[in-house]
Amino acid sequence: ACSRKNTRKAALHPLWQSPLTIPGGTRQSPINIQWRDSVYDPFLKPLKISYDPTTCLHIWNNGYSFLVEFDDSADRSTIVGGPLENKYRLKQFHFHWGAINDWGSEHTVDSKFYPAELHLVHWNAVEYPSFEEAVMEGNGLAVIGVFLKLGARHEGLQTLVDALPAVRHKDTVIEFDDFDPSCLIPSCPDYWTYAGSLTTPPLTESVTWIIKKKPIEVDEDQLEAFRTLLFTSDGEEERRMVDNFRPLQPLMNRTVRSSFR
Ligand SMILES: CC[C@H](C)CCC(=O)Nc1ccc(S(N)(=O)=O)cc1
Ligand SMILES: [Zn+2]
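Residues numbered from 1 in each chain as written. Chains lettered and ligands numbered in written order. Predicted model: local features only at pLDDT ≥ 70, side-chain atom pairs only at ≥ 80, totals over all residues. Heavy atoms only, no water.

1. A look at a negative patch on the surface
Working step 1: On the surface, a cluster of negative charge is made up of Glu85, Glu127, Glu132, Glu133 and Glu137.
Working step 2: Mapping glutamate 127 onto the fold places it in the loop between strand 9 (116-124) and helix 1 (131-134). (Patch = residues over 30% accessible without salt bridge, like charges linked within 9 Å, V, L, I, M, F, W, Y side chains within 5 Å. Areas by Shrake-Rupley, 256 points an atom, 1.4 Å probe, with all protein chains shown as cover. Salt bridge = Lys/Arg side-chain N within 4 Å of Asp/Glu carboxyl O. Lys, Arg positive; Asp, Glu negative; His and termini not counted. Charge placed at Lys NZ, Arg CZ, Asp CG, Glu CD. Helix = DSSP H or I, 4+ residues; strand = E, 2+ residues; numbered from the N terminus.)

2. Brief notes about the coordination of the zinc ion (ligand 2)
Working step 1: The protein atoms that coordinate the zinc ion (ligand 2) are His94 (NE2), His96 (NE2) and His119 (ND1), at distances spanning 2.0 Å.
Working step 2: If you look at the zinc ion (ligand 2), its 4 donor atoms make angles of 99 to 117° with each other, and the shape they trace is tetrahedral.
Working step 3: The sequence pattern formed by the donor residues of the zinc ion (ligand 2) is H-x1-H-x22-H. Linking histidine 94 in strand 7 (residues 88-97) with histidine 119 in strand 9, this pair joins segments that are 25 residues apart in sequence. Residue histidine 94 shares its accessibility class with histidine 119, and that shared class is buried. (Donors = N, O, S within 2.8 Å, 3.2 Å for Na, K, Ca; no water. Tetrahedral: all angles 85-135°; square planar, octahedral: opposite > 155°, others 65-115°. Buried < 20%, exposed > 50% of the residue type's maximum accessible area, 1.4 Å probe, protein only.)

3. Details of the confidence of the model for the chain
Working step 1: With 92% of its residues at a pLDDT of at least 70, the chain reaches an overall mean of 94.
Working step 2: Low pLDDT, under 50, characterises residues 1-8; the stretch is placed with 0 contacts to residues that sit more than four places away or in other chains.
Working step 3: Taken over the whole predicted complex, pTM reads 0.94, whereas the ipTM for its chain interfaces reads 0.98. (pLDDT = per-residue confidence, 0-100. Contact = heavy atoms within 4.5 Å.)

4. Let's talk about unusual backbone geometry
Working step 1: Note that the residue after serine 29, namely proline 30, is joined by a cis bond; omega there is 5°.
Working step 2: Relative to the helices and strands, proline 30 is located in the segment before strand 1 (32-33).
Working step 3: That bond from proline 201 to proline 202 is cis: its omega, 15°, falls within 30 degrees of zero.
Working step 4: Relative to the helices and strands, proline 202 resides in the loop between strand 12 (191-196) and strand 13 (207-212).
Working step 5: Residue aspartate 171 is not a glycine yet carries a positive backbone phi of 70°.
Working step 6: Looking at the secondary structure, you find aspartate 171 in the loop between helix 2 (155-161) and strand 11 (173-175).
Working step 7: With a phi angle near 55°, leucine 203 is a residue other than glycine that sits in the positive phi range.

5. Description of the pairing of strand 9
It is a general feature of regular strands that their side chains alternate between the two faces of the sheet.
Working step 1: For strand 9, the tally of buried residues reaches 9 of 9 residues, placing the bulk of the element in the interior.
Working step 2: Here strand 9 shows no split at all, with Ala116, Leu118, Leu120, His122 and Asn124 on one side and Glu117, His119, Val121 and Trp123 on the other all buried.
Working step 3: Here strand 7 runs beside strand 9; their pairing, made up of 9 bridges, is antiparallel. Within strand 9, the position partnered with leucine 90 by the bridge is histidine 122.
Working step 4: Sheet analysis places strand 9 next to strand 10 (residues 141-150), joined by 8 bridges and oriented antiparallel. What sits directly across from histidine 122, in strand 10, is alanine 142. (Pairing = 2+ DSSP bridges.)

6. Quick word on the layout of surface pockets
Working step 1: Volume-wise, the largest pocket comes out at about 450 Å³.
Working step 2: Leu67, Gln92, His94, Leu198 and Thr200 are the residues nearest the centre of the largest pocket, which is lined by 25 residues in total.
Working step 3: Elements represented by at least two residues in the lining of the largest pocket include exactly strand 5 (66-70), strand 7, strand 9 and strand 13.
Working step 4: Partitioning the lining of the largest pocket into residue classes produces 13 nonpolar, 10 polar and 2 charged. (1 Å grid on protein atoms, 1.4 Å probe; cavity = no way out; pocket = protein on both sides within 12 Å on 5 of 7 lines; lining within 4 Å. Points joined across faces, edges and corners; volume = space filled by probe spheres on them. Nonpolar A, V, L, I, M, F, W, Y, C, P; charged D, E, K, R; others polar.)

7. Re the environment of phenylalanine 95
Working step 1: Considering the arrangement of structural elements, one finds phenylalanine 95 in strand 7.
Working step 2: Since its relative accessible area comes to 0%, phenylalanine 95 is described here as buried.
Working step 3: Once residues lying within four places of it in the same chain are set aside, the contact partners of phenylalanine 95 are Ser65, Phe66, Glu117, Leu118, Leu148, Leu157, Leu160, Leu184, Phe226 and Asn244.

8. Concerning the site of ligand 1
Working step 1: Neighbouring ligand 1 are 13 residues; His94, His96, Phe131, Thr199 and Thr200 lie closest to it.
Working step 2: Residue histidine 96 places a side-chain N or O atom 3.3 Å away from a nitrogen atom belonging to ligand 1.
Working step 3: Within the contact set of ligand 1, a nitrogen atom lies 3.4 Å away from a side-chain nitrogen or oxygen of histidine 119.
Working step 4: When ligand 1 sits alone it has 490 Å² of accessible area, and the protein chains cover 76% of it.
Working step 5: More than half of the atoms belonging to ligand 1 lie within 2 Å of the grid points that define the largest pocket.
Working step 6: Secondary-structure elements contributing two or more residues to the shell around ligand 1 are strand 7 and strand 9.
Working step 7: Considering every element that reaches the shell around ligand 1, the biggest residue donor is strand 7, with 3 residues.
Working step 8: Along the lines of polarity and charge, the residues of the shell around ligand 1 split into 6 nonpolar, 6 polar and 1 charged. (Near = heavy atom within 4 Å. Polar contact = N/O pair within 3.5 Å; in protein donor to acceptor, adjacent residues only side chain to side chain. Sits in = over half its atoms within 2 Å of the grid points.)

What follows is the structure, given as structure tokens:
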């Protein structure tokens, strides 16, 4: 019998209609974080987070997730330290979640999925003139990942949840101000860090990932509120915004470092 040449085509993911792995990609995200394979790095500094709630601008549904965007025209909401060599400005934060609580996060820890994951997206405004340029550079972006687990109601998240009905459809936006996203970040300083990529197109390999070890707790109603959003615009046949996470990507030649023993 003839042996079928193993022509592994890049699988297409229904949500993004683009290759799951970038051809030639060596640092794609998300990945599974194998706790015992992570390497403690004593030279990692604590992450310093300084957000100004008055930089918060609006919430919008971009058809992949809902984003809260910030005024990044000055160094008013920034992070510095941790694995970073420069100060990075907060541009937006958004979430990824599942149709049910058994999955939804993009990263996994020892192959465990969380029901959702928060991404706070920052860009290197010291070295690059704009977010759009930083997106194309190896050290252009820094994304803090925070896992969400089912538990107590999160009061800080509730102000966001209350605004979601107003951005139910793709390309809807509402003004949203005076929100400090540091209320969504666990106080425990422990994190993992690795070199990765955006998890939606353009999938550029420009992200220093900082994944918090501790999750935050949210309740079932708050997760359900995420699932009432739609991928589709007003007037289109409704498709619920769920399972908006990218499949796990190969670790390849990377080490995940931990800030803790
Ligand atoms: C020209 C490109 C454009 C400007 C990029 C727009 C953008 O912000 N994309 C983005 C941001 C974060 C993530 S994630 N999920 O945190 O890895 C995925 C995609
Ligand atoms: Zn994301």
